[in-house]
Amino acid sequence: MKKLKTPKRSPTSRARRRAYSIILKISVTGAVVAAGLMLAWRLILALDYFAVKEIIVRGQESASDLSYLKGRNILTVDLNKES
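So, here's what we can say about the structure.

Each value, and the rule that gives it
- Residues numbered from 1 in each chain as written.
- Predicted model: local features only at pLDDT ≥ 70, side-chain atom pairs only at ≥ 80, totals over all residues.
- Heavy atoms only, no water.
- Helix = DSSP H or I, 4+ residues; strand = E, 2+ residues; numbered from the N terminus.
- Buried < 20%, exposed > 50% of the residue type's maximum accessible area, 1.4 Å probe, protein only.
- Contact = heavy atoms within 4.5 Å.
- Areas by Shrake-Rupley, 256 points an atom, 1.4 Å probe, with all protein chains shown as cover.
- Phe/Tyr/Trp six-rings, centres within 6.5 Å; stacked < 30°, edge-to-face > 60°.
- Patch = residues over 30% accessible without salt bridge, like charges linked within 9 Å, V, L, I, M, F, W, Y side chains within 5 Å.
- Salt bridge = Lys/Arg side-chain N within 4 Å of Asp/Glu carboxyl O.
- Polar contact = N/O pair within 3.5 Å; in protein donor to acceptor, adjacent residues only side chain to side chain.

## A look at the overall build of the protein
Okay, step 1: Assigned secondary structure in the protein consists of two helices and zero strands.
Okay, step 2: Going through the 83 residues of the protein one by one, you find that 7% of them count as buried.
Okay, step 3: Considering only contacts in the protein between residues 6 or more positions apart, those separated by 24 or more positions represent 28%.
Okay, step 4: Looking at the protein as shown, the accessible area adds up to about 8300 Å², and 62% of this sits on carbon and sulfur atoms.

Pasting the structure below:
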């Protein structure tokens, strides 16, 4: 029996496949890292450690009622707007 010869691939198809493989690996790695960062950020925002527990106003009498800020996350409070 004669051996069937498989056609050899050209060097350009190997290089093209390697380039696609590298791009795919970078894309998948980037997507996994982005998903991990988003999950970590959501977990940080949900922690009670960053919740406003007490409001202290210095240098002026408390003319405005800031009690609505209690329980909110300090990372989501816009201090420029609230001051």
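## Details of the environment of L69
Okay, step 1: Mapping L69 onto the fold places it in the loop between α1 (11-46) and α2 (79-82).
Okay, step 2: Considered as a pair, L69 and E82 are 13 residues apart in the sequence and their alpha carbons are 9.2 Å apart.
Okay, step 3: Residue contacts for L69: discarding those within four places in its chain leaves V52, I55, V77 and E82.

## Quick notes on the packing of aromatic side chains
Okay, step 1: Tallied over the entire structure, the rule returns one aromatic pair.
Okay, step 2: Between Y49 and F50, the aromatic rings sit 5.2 Å apart at their centres with planes inclined by 85°, giving edge-to-face as the arrangement.
Okay, step 3: Residue F50 is classed as partly exposed on the basis of its relative accessible area of 21%.

## As for a nonpolar patch on the surface
Okay, step 1: A grouping of W41, I44, L47, Y49, I74 and L75 is seen on the molecular surface, where their side chains present a nonpolar patch of about 630 Å² in accessible area.
Okay, step 2: Tracing the backbone through its elements, the reader meets I44 in helix α1.

## A look at the side chain of N73
Okay, step 1: With respect to the secondary-structure elements, N73 resides in the loop between α1 and α2.
Okay, step 2: Assessed through its relative accessible area of 9%, N73 is described here as buried.
Okay, step 3: At 2.6 Å, the side chain of N73 forms a polar contact with the backbone oxygen of L45.
Okay, step 4: Setting aside residues up to four positions removed in sequence, N73 forms contacts with I44, L45, A46, L47, F50 and A51.

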